[in-house]
Amino acid sequence: MSDRAPTAAVRLAAWRGPLVWLALLLALAFGMPTLEPVLRGIESDTRQVVYAQAGLPSLLANHLLVVGVASLLAVALGVGAAVLVTRPAGRDFLPLVAQFASMGQTFPPVAVLALAVPVLGFGTWPIIVALLLYGLLPIVRNTLAGLEGIDPGVQEAARGMGMGGAQRLWQVELPLAAPVILAGIRTSVTVNIATAALGATVGASNLGAPIISGIVNGNTAYVLQGAVLIGLLALTVDSAFARLTPARG
Amino acid sequence: MIELLGVTKRFGEETAVDAISLTVEKGELCALVGTSGCGKSTTLRMINRLIEHDGGEIHIDGQPIREFDGRLLRRRIGYAIQSTGLFPHWTVARNIGLVPRLLKWPKARVRARVEELMALLGLPVEQFADKYPEQLSGGQAQRVGVARALAADPDILLMDEPFGALDPITRETLQVELRELQARLHKTIVFVTHDMDEALALADRLAVMRAGRIVQQGTPLALLREPADDFVASLLGGDERGLKEAAITRVGERMLPLSPRLLPQARVHRDATLRQALSVMFREHADRLAVVDDEAMAVGELSLRRLVGAGRDE
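Described below are features of the structure shown in this document. Every value quoted in this text rests on a predicted model; they were computed, and no experiment measured them. Throughout, residues of each chain are indexed from 1 in the direction in which the sequence is written. Key to labels: chains lettered from A, ligands numbered from 1, both in the order written. For a predicted model such as this one, the threshold for reporting local features is a pLDDT of at least 70, and the threshold for listing and counting side-chain atom pairs is 80 or more; totals across whole chains, interfaces and linings nevertheless cover every residue.

## Quick look at the overall build of chain A
Step number 1: A run of H or I in DSSP becomes a helix once it reaches four residues, and a run of E becomes a strand once it reaches two; helices and strands are each numbered from the N terminus. Counting secondary structure elements, chain A contains 11 helices and zero strands.
Step number 2: Along chain A, helices (α) and strands (β) appear in the sequence α-α-α-α-α-α-α-α-α-α-α when read from the amino end.
Step number 3: Residues classed as buried in chain A amount to 39% of the 249 residues present. With C-beta atoms placed from the backbone, a residue is labelled by how many other C-beta atoms lie within 10 Å of its own: buried for 20 or more, exposed for 12 or fewer, partly exposed between the two.

## Section: the sheet that holds strand β4 (residues 55-60) of chain B
Residues and elements named next belong to chain B.
Step number 1: On the basis of which strands lie adjacent, the open sheet formed by four strands has the order β2-β1-β4-β5 and antiparallel pairing. At either end of the open sheet lies a strand with only one pairing partner, and these are β2 (14-24) and β5 (63-64).
Step number 2: Here, a strand pair is defined by DSSP locating no fewer than two bridges between the strands. In terms of strand pairing, strand β1 (residues 2-11) meets β2 through seven bridges, oriented antiparallel. Bridge pairing links K9 to V17 in β2.

## Looking at the interface of chain B and chain A
Step number 1: Taken together, the contacts link 18 residues of chain B with 14 residues of chain A.
Step number 2: At the level of elements, α2 (70-75), β6 (77-81) and α4 (98-102) of chain B are the ones that each hand at least two residues to the side of chain B that touches chain A.
Step number 3: With four residues, α2(B) is the single largest residue contributor to the side of chain B that touches chain A.
Step number 4: Of the residues that constitute the side of chain B that touches chain A, the class distribution is 10 nonpolar, five polar and three charged. Contact criterion: two residues are in contact if their C-beta atoms, reconstructed from the backbone, are within 7 Å. Note that Gly is not counted as nonpolar here; it falls among the polar residues with everything else outside the nonpolar set of Ala, Val, Leu, Ile, Met, Phe, Trp, Tyr, Cys and Pro and the charged set of Asp, Glu, Lys and Arg.

## Description of helix α14 (residues 274-284) of chain B
All names here are of chain B.
Step number 1: Residues of α14 that are buried: L274, A277, L278 and M281. Here the buried residues of α14 occupy an arc of 100 degrees about the axis, which is enough to place them on one side. When the buried face of α14 is taken as reference, the exposed residues oriented beyond 90 degrees from it are F282 and R283.
Step number 2: Packed against the buried residues of α14 are α12 (241-247), α13 (251-254), β12 (267-269), β13 (288-292), β14 (298-303) and α15 (304-307).
Step number 3: H285 sits one or two residues past α14 and shows a positive phi near 50 degrees. What the arc covers is the set of directions going from the helix axis to the C-beta atoms.

## What about the nonpolar core?
Step number 1: Ranked by internal contacts, the top residues of the largest apolar core, which has 136 residues, are L131(A), A31(B), V190(B) and F191(B).
Step number 2: Discounting residues that sit within four places of it in the chain, L131(A) has contacts with V66(A), V67(A), A70(A), N192(A), T195(A) and A196(A).
Step number 3: Think of a nonpolar core as buried Ala, Val, Leu, Ile, Met, Phe, Trp, Tyr and Cys residues, each tied to the set through C-beta atoms within 7 Å. One finds V268(B), L274(B), A277(B) and L278(B) within the second-largest nonpolar core, a separate group that totals 13 residues.

## Points about helix α2 (residues 16-31) of chain A
All names here are of chain A.
Step number 1: Here the expected span of a helix is defined as 1.5 Å times the quantity of residues minus one. For α2, spanning 16 residues, the distance from its first C-alpha to its last is 22 Å, which sits close to the expected 22 Å at 1.5 Å a residue.
Step number 2: Residues W21, L25 and A29 constitute the buried set of α2. Along the long axis of α2, the arc covered by the buried residues comes to 65 degrees, so they all point the same way. Opposite the buried face of α2, by more than 90 degrees, sit the exposed residues R16, A23, A27 and G31.
Step number 3: At its buried positions, α2 is contacted by α4 (56-85) and α11 (220-244).

## Some thoughts on the sheet that holds β6(B)
All names here are of chain B.
Step number 1: Spatial strand order, β6-β7-β8-β3-β9-β10: six strands in an open sheet with mixed pairing. Lying at the two open borders of the sheet, with one neighbouring strand each, are β6 and β10 (213-218). Neighbour-to-neighbour, the strand axes of this sheet turn through a mean angle of 15 degrees, independent of strand direction.
Step number 2: As paired elements, strand β3 (residues 29-33) and strand β9 (residues 205-210) share four bridges and run parallel to each other. Across the sheet, residue V33 finds its bridge partner in β9, namely V208.
Step number 3: Helix α7 (residues 138-150) rests against β6 and β7 (156-160) of the sheet, and its axis sits at about 165 degrees to β6. Only the contacting stretch of a helix is used when fitting its axis, a line to C-alpha atoms as for every element, and angles between N-to-C directions run 0 to 180 degrees.

## Quick notes on the environment of M32(A)
Residues and elements named next belong to chain A.
Step number 1: Secondary-structure assignment places M32 in the loop between α2 and α3 (36-42).
Step number 2: Its 22 C-beta neighbours within 10 Å are what place M32 among the buried residues.
Step number 3: With 193 residues separating them in the primary sequence, M32 and Q225 have C-alpha atoms 8.2 Å apart.
Step number 4: Sequence-distant contacts of M32, defined by excluding residues within four places in its chain, comprise V50, L56 and Q225.

If you want it as C-alpha cells, here you go:
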C-alpha cells in the first residue's frame, strides 16, 4: 500500500512487461513477410514460407475473439455458479458443483472438442463451447476456494454488523476472494489461448490454422509462425493478469 | 433492557440452550460464564438473531426481537468478537464507520463519529485511520473492533470473548479500559467469557451456565460467598475464592481512618485491591499497611485482621 497515488508514468512502468510482449506480438503478426529470408532458412525447399491463406493479423483477431467470448461466458457462468452454491439457498448444490469442477479438470480439451463437434458442427461455435466448458472449471474451483477461504470471523462480523446478503457479497466476499478468483481466470484464459488452436482442426480460422496446415503439408515455417504468435499472445495476456493480481504475503 | 424468557435452542437432537431466563438491566454489564460448549455464545448470538431461538421469548426494551428485521436489529446492537472480524481490505477508519454507513449517515457525520471513537479508544487518528488491520497489534485490532461495535452508538453491546486471544498484559489493559468506558457510556452489555477473573473484574452481574442452563446468577460477591453448588464453587476457583473476592474489593472499602498510632512503613494505594494489599503484607512481612492516595498522602490504615474482615472494630 506504499504507492497510494502513483503517477501516470509509474503506473505505465508497471505495465512494461505486458506492453513489451504486446509490441512483439503485433510486430510479428504484421511484419511476418519481412522475415521471409529467415523463414526461408528453416524451410528452404518449399515455395511458400509465410502463411498467407489468411493474414496473420486477422487470424490473431479471430483467435482473440474466440478466447475472449469463451472466457467472458466462462467467467459469468463460473463465478455465478460458485456464488450461487455458496449462498444459503444454493448450499445443497455445493458438493455437486465442487465435484464437477475438480472432475472436469481431468478431462482433456481435445476430448471436449471431439465431443462438441458432433453436437455443434464445424466452425467457430464448437471451439467456443469447448473452451467455455474447459475454461469454466478453474474459475469455478478458484471462486469456490476464494469464497470458502474467507476468515469465518470476518463473515460473522459482517453478519453481526447487520450487512445484508448482497452487501456482504459485493463489499466483503468478492473483494476478499478476488485474488484467488483472478488467478483462476488467469489459468483459464491462458490455457484457452493455447487450446483454441485446436479449433483449427474443426474448421475455425485462428492462429491454429498455420500450425495444422504446416503439420499437414510438412511446412515447419508455418508451424513456427502459429506457435510463436500463440505463445506471445499467451505471454501478453498472462503478464497482464500478473499485473492485475495483487501480490499477497 | 434485555429479557430472556424461557429461551431454548436446539441443534438437531441436541439442546444447546435449555429454557434459560435472564434479565440484563439497562446500563448493566452481565457476564455469561461457563466451560466451553455450555451454550453461552449461542445465547449471546440469539440476542442479535445471528441464531434464531426455537422456544421462549427474547425482549429488548419490552419488545420481542422477532418483531424486528434481523439486519435492522443487528445495526442497533454493537457486536465485538474474539477474532475481531475486521475486514482486512478496509482501513481502520472504514472498518469503524461500517454501521453508520449501513444506516446511511451523511459522510461528514460518519467521519466525525469515526474520529470521536478513535479518540475514545486511544487510537490517534493521524496514526491509525489509514492503516490496514494486518498492520495492527492484537490489542489495537481489538480496540478497533470495539470502536466499530460502538460506532452507531447502540444501547446494547454484545461481546463474545473479545479479549480471549490477547496476551495477559494487553488483556488486563483492555479490561481496565472497558471498565472506564462503561463508567462513561453506561451501555447494556452482555459479555461472554470463560475467564472467571475477567468476569469478576468486569461484571455487575454473573450468570454461570452449564450444559445449556443457567445454574446461578447474581452479583460477583454473592456468587463468591454463596455458590449454589460444587460446580459453581470450583468454576469460581474452589479454595481460591477468597482471593478472588479480595481481588474485586478495594482497599478504600475496608481501611480504617488514620489513628494516632505510628503509621507502618509499608504502604498501599487506596484504589488497590485487597488482594494486592495482602500481597504487599506478605512481601513486607507486615500485618499493617498505610493507605495512601494519589499524592502519596496517608489517608488511612489497613490491618490484616481488618483486611480479612475478622474485626470490625480495632
